[in-house]
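One letter stands for each residue in the lines below.
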Amino acid sequence: MIERGWEFKQGVTLSTRSNKGISARYLDAGWLFDMAASSIISLKPEYNSLILAYSNSTLFNYIAKSLNPTVNTQPEDIRRIPFIKPAELLSDSISALAQENLEIKKQICSFRIIESNYIQNPITAYKEANLKTRLVNYLDNENALIAQLLMNEAVIGQLIFYAYELSEEDRQPS
């Protein structure tokens, strides 16, 4: 049951039932969440991009898996994961990269009919005369966006390690 006053708030929703780890998504205002997809609603909405970045980091997933090694992470496990507000420059850098990734994902999802922000079919989005050229252009664009997303995620991961003052030794997978 959602505590009154927290419903329909902007935040971060977490898919916590997976053997691949936790996956976080931006939760726009006006949407509900439940136990199957726990959410983090910050008292300071300006932290949402930072929380989104941290929630998708390898550090967050490592800590979550350490607290509960099953495929079903509980909301109480999420509450136990430490969150620090990094120095302003570091926080701004992480948030900006997370916001850029959010925009990239929105653009990619706008071509998927199952998404709420669907705009159009990728075949009709490009105006070239033949189908092959339209598909190649769409796939080239999508691949470039995915590559940028992955590079941003790698940088975010390194910045989070830095924010938590982890040594090179601590950063290595066990």
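I will try to describe carefully the structure that is included in this document.

### Observations regarding the sheet that holds strand β1 (residues 11–15)
Ordered by their spatial adjacency, three strands build an open sheet running β2-β1-β3, and the pairing between neighbours is antiparallel. The sheet terminates laterally at β2 (23–27) and β3 (39–40), the two strands that pair on one side only. Across five bridges, β1 lies against β2 in antiparallel orientation. Note on β2: the bridge partner recorded for Gly11 is Leu27. Of the strands in this sheet, β1, β2 and β3 are in contact with helix α1 (residues 48–55), which crosses β1 at around 15°.

### With respect to unusual backbone geometry
Excluding glycine, residues mostly carry a negative phi; peptide bonds, for their part, are mostly trans. Positive phi values are uncommon outside glycine, yet Glu165 reaches one of about 55°. Structurally, the position occupied by Glu165 is in the loop between α6 (131–163) and α7 (168–171). Take Glu165: its relative accessible area is 71%, and that puts it in the exposed class.

### Observations concerning helix α2 (residues 58–67)
Within α2, burial applies to Leu59, Phe60, Asn61, Ile63 and Ala64. On its buried face, α2 sits against α1, α3 (75–79) and α6.

### A look at a nonpolar patch on the surface
On the surface, Ile113, Ile114 and Tyr118 cluster together into a nonpolar patch covering about 370 Å² of accessible area. For Ile113, the location among the structural elements is in the loop between α4 (88–109) and α5 (122–125). Judged by relative accessible area, which is 67%, Ile113 ranks as exposed.

### With respect to the nonpolar core
In this structure, Tyr54, Leu59, Ile81, Ile94, Ile156 and Ile160 are the most contacted members of the largest nonpolar core, which totals 26 residues. If you list the elements that add at least two residues to this core, you get β1, α1, α2, α4 and α6. Each residue touching Tyr54, except ones within four places of it in the same chain, is listed here: Leu59, Phe60, Ile63, Ile81, Pro82, Phe83, Ile160 and Tyr164.

### Focus on the pairing of β1
Judged by how many residues are buried, β1 sits mostly within the fold: four of five residues are covered. Bridge count between β1 and β3: two bridges; the pairing is antiparallel. Bridge pairing links Val12 to Ile40 in β3.

### With respect to empty space enclosed by the protein
If you walk through the whole model with that rule in mind, you get two cavities of 30 Å³ or more. By volume, the largest cavity is sized at about 40 Å³. Residue lining of the largest cavity: Leu50, Tyr54, Phe83, Ile84, Pro86, Ile94, Ile160 and Tyr164, and that is the complete set. If you go around the second largest cavity, the residues you meet are Gln107, Ile108, Phe111, Tyr138, Asn141, Glu142 and Leu145. Every element with two or more residues in the lining of the second largest cavity is listed here: α4 and α6. Among the elements that take part in the lining of the second largest cavity, α6 stands out by supplying four residues, more than any other.

### A word on the packing of aromatic side chains
The geometry of an aromatic ring pair comes down to the distance between the two centres and the angle between the two planes. Tallying each qualifying case throughout the model produces four aromatic pairs. Between the aromatic rings of Tyr54 and Tyr164, the centroid separation amounts to 5.3 Å while the plane-to-plane angle is 10°, which identifies the pairing as stacked. Of this pair, Tyr54 sits in helix α1 while Tyr164 sits in the loop between α6 and α7, and the two are 110 residues apart along the sequence. There is no split in this pair, since Tyr54 and Tyr164 are both buried. Both rings, one in Phe111 and one in Tyr138, keep their centres 5.3 Å apart while their planes meet at 70°; by these two values the pair is edge-to-face.

Reading the values: rules and limits
Residues numbered from 1 in each chain as written. Predicted model: local features only at pLDDT ≥ 70, side-chain atom pairs only at ≥ 80, totals over all residues. Heavy atoms only, no water. Pairing = 2+ DSSP bridges. Helix = DSSP H or I, 4+ residues; strand = E, 2+ residues; numbered from the N terminus. Contact = heavy atoms within 4.5 Å. Axes fitted to C-alpha atoms, helices over the stretch in contact; angles between N-to-C directions. Buried < 20%, exposed > 50% of the residue type's maximum accessible area, 1.4 Å probe, protein only. Patch = residues over 30% accessible without salt bridge, like charges linked within 9 Å, V, L, I, M, F, W, Y side chains within 5 Å. Areas by Shrake-Rupley, 256 points an atom, 1.4 Å probe, with all protein chains shown as cover. Salt bridge = Lys/Arg side-chain N within 4 Å of Asp/Glu carboxyl O. Core = buried A, V, L, I, M, F, W, Y, C linked by side-chain atoms within 4.5 Å. 1 Å grid on protein atoms, 1.4 Å probe; cavity = no way out; pocket = protein on both sides within 12 Å on 5 of 7 lines; lining within 4 Å. Points joined across faces, edges and corners; volume = space filled by probe spheres on them. Phe/Tyr/Trp six-rings, centres within 6.5 Å; stacked < 30°, edge-to-face > 60°.

Geometric values such as these leave the question of function open.
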